[in-house]
Amino acid sequence: MNEYLAPLEDLPSDALSLCGGKALNLGRLMRSGIRVPPGICVTTDAYSSYIDETGIRGRIILELARKDFRDMRWEEVWDAALRIRTLFSRTPLPPGLHDHLAAAIGSRFGERPIVVRSSSVAEDSVAASFAGIHESFVNIGGVEVIIDHIRLVWTSLWSDAALLYRQEIGLEPASSAMAVVLQEIVVGESSGILFTVNPLDEDETIIEAVWGLNQGLVDGAVEPDRWVIDRRTGQAVSHQPPSERGEMVVPVLAGVAVRQTTPDRAGRPPLTDRDIRSLLEIGHTAEEIFGAPQDIEWTKTENGIVVLQARPVTARERTDRRQYYLGLKRSRLRLRALQQEIEGRWLPGMIEEGQRLAETVLLAMDDQALAAAIQGRQERQREWEKIYLTYFIPFAHGVRLFGTFYNDTVHPADPYEFVDLLVGGRLISLERNRDLTEMAAEVRLNPAALNGIVLNTPEDPLNTRFSRFLTRYGGALGDDEEVRRGIIGVIREMASGHRSERHGDERSVDLRERFLSHVSVEGRADAEELLALARRSYELRDNDNHALDRIVGEVRRAVAEGRKRLHSRGIETDDDTPAEEVARALRERGYVPGRPAVRTADAAESGVQARQITGQPASRGAACGPACVIRASADLFRVKSGDVLVCDAIEPGMTFVIPLCAAVVERRGGMLIHGAIIAREYGIPCVTGIPRATGVIRDGEQVCVDGYQGIVTIRHPVEPALRAVPAEIRGG
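Here's a quick rundown of the structure. In this text the structure is predicted, and so the values were computed from the model without any measurement. (Residues numbered from 1 in each chain as written. Predicted model: local features only at pLDDT ≥ 70, side-chain atom pairs only at ≥ 80, totals over all residues. Heavy atoms only, no water.)

Attention now moves to the overall build of the protein chain. Within the protein chain, the regular secondary structure consists of 23 helices and 21 strands. The buried share of the protein chain, reckoned over its 732 residues, is 56%. Counted over contacts in the protein chain with a minimum sequence separation of 6, partners at least 24 positions apart contribute 69%. With the model as given, the accessible surface of the protein chain reaches about 31100 Å², and the carbon-plus-sulfur share is 51%. (Helix = DSSP H or I, 4+ residues; strand = E, 2+ residues; numbered from the N terminus. Buried < 20%, exposed > 50% of the residue type's maximum accessible area, 1.4 Å probe, protein only. Contact = heavy atoms within 4.5 Å. Areas by Shrake-Rupley, 256 points an atom, 1.4 Å probe, with all protein chains shown as cover.)

What follows is the structure, encoded as structure tokens:
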């Protein structure tokens, strides 16, 4: 054993901090006579040498200090993880470390393909299971390619899934370290997992198996056969076959791929009764070695079962949220299936429900029926929100999957360069904004044309178009008349002032060619498919919310009708009155609705004010302008040409004002939030993840937004008369 490398069978039992849990466990299994693929461990000293000599350790600390980790949403955590991954991918190993590893790897494996596995210090312990959280790579050949994949394993220590899981179980990310296991690849005819104790029932053992490599089972790409075994008797309690055994994962020229199984294999289970007995014997031996139930990955060759790795089955696995964080690593196959379900079932259903509710004539209902409608619409909204969280949010990970692949393939200086390949789709927000700008263009050419809208002239062509616009887009914003007046003001502002035009797609075309030039001919079709999946994921990230917003808007419309009726009785309500209270007052004569306590936390803060704030860069560019701070939906209609929009969170129904803005600043963070998506489409700088944005920044203050570095600088107030002057005239 030397400073950076050691054979698995030579690892001492007290070397956890040097070799990590996975490598240590494999070494113990080998010394106990269980068949394990031979290999070596790249120690945590190699990892520490790399991040210290290159300065990456300090840059990671700075990256994670942008915002309190506990306050980050998953989009912000992913953004941070992406930037850290880019640091690793663009930073080669120091020459001394590289030469040391290259010599050892070349001597041990030559050009033979191997498996590159993670082995973090916290991994595979009794206290916590990191199963599936960190990266492993199968069928990797060539010294330089193996070294590149060692870096990718090191990087996975800082993935969003790993960061979130560490927070969940109380581990400090800064103290984390990663060793790497390099093993000869064993291509078995079938593979699977063995839980010597079912985490949900201590009297059972669980075996799952698939044809081909284990990657298909671990990634969720291939459905397994599943056996439940009685621990006392060793007899199978049940065998649940998959819906079909049509696919398996096999090694290809570089990496692995999903292929069709042969008819013979498709018609029978991957394990025989004898195989199951062998697995139970191995599981019993492993429990004796480690003194605890084990989760074992294995593969079956013509010479018997080979153990690929083993980890304790922790009590925490019954209660922790590791499966949620594993869900952040969705495979392309699972995302494709999710897309089919969303587009074939859920999105059409959501759109249809919104249209049905919009066609309901509320004025024809008596008070009891209206109260029931409010309650029913609220229930439907809650049901659709559950569906949204279950299906639509996970599909957004198609962007993550492509972003990771693009950066690992192209190694761009800008970790968000890949987003330029996704813009230009059919976003509902852009279609709505185009309608607005076209109406504003008519008013610019003929200012008197606005009178038809203001006076609501029935036969006026522009007013007819405006009415259609409100029917399609206005409901989610609130009261119809208030929205009508506000949108008229936006059209007037667009007609008279500065506005941003949507960027063209020329850069996207050039970038696509550059991206594909980095992909092998054999991998071109897969890369194109992944790009198409990401583009659809990016579109739906905005479009699905418009469908949901319409249902939310119809709830508001019913509540607004209820409030009008209560007002006619002398019962006053406001926007803070809960819908349940409005419905009850309609049902029960004499009942006066209650109101929640007024929250004032977002009021502008007094005292010392920070002049420079760091957030997350979300759209490139730099601009200055007076802040227009949004605390309620009605504030949107105060936005003037060249303002910097400052808000807590931009929802899809709010993005119609973005063409007026010089820049966007948002408390909620992430590259995939709606404000950031639309800002990129218009080439407007955007910084997200600014803590207490609407409290720290005051209305009318001069704000400079650096969308390259994620920095917002507060300068000085601007005279009210200057607020309508375009940003470029003010020097922004």
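By the definition in use, this model includes 43 salt bridges. A salt bridge links Arg-356 to Glu-353; the shortest N-O distance between them is 2.8 Å. Placement of both Arg-356 and Glu-353 in helix α12 (residues 332-358) is noted, with a separation of three residues, approximately one turn of the helix. Arg-356 gets classed as partly exposed once you look at its relative accessible area, which sits at 47%. Linked by salt bridges that have partners in common, Asp-367, Glu-561, Arg-565, Arg-569 and Arg-589 make up one network. (Salt bridge = Lys/Arg side-chain N within 4 Å of Asp/Glu carboxyl O.)

Orientation of helix α20 (residues 524-568) relative to helix α22 (residues 674-682), taken along the N-to-C sense of each, is 120°, at an axis distance of 10 Å. What the angle tells us is that α20 and α22 run oblique. With respect to the hand of their crossing, α20 and α22 are arranged in left-handed fashion. On α22, the residues touching Tyr-538, Arg-541, Asp-542 and Asn-545 of α20 are His-674, Ile-677, Ile-678, Arg-680 and Glu-681. For the contact of α20 with α22, the class distribution of residues is three nonpolar, two polar and four charged. (Axes fitted to C-alpha atoms, helices over the stretch in contact; angles between N-to-C directions. Parallel < 35°, antiparallel > 145°, perpendicular 65-115°, else oblique. Left-handed = near helix turned anticlockwise from the far one by under 90°. Nonpolar A, V, L, I, M, F, W, Y, C, P; charged D, E, K, R; others polar.)

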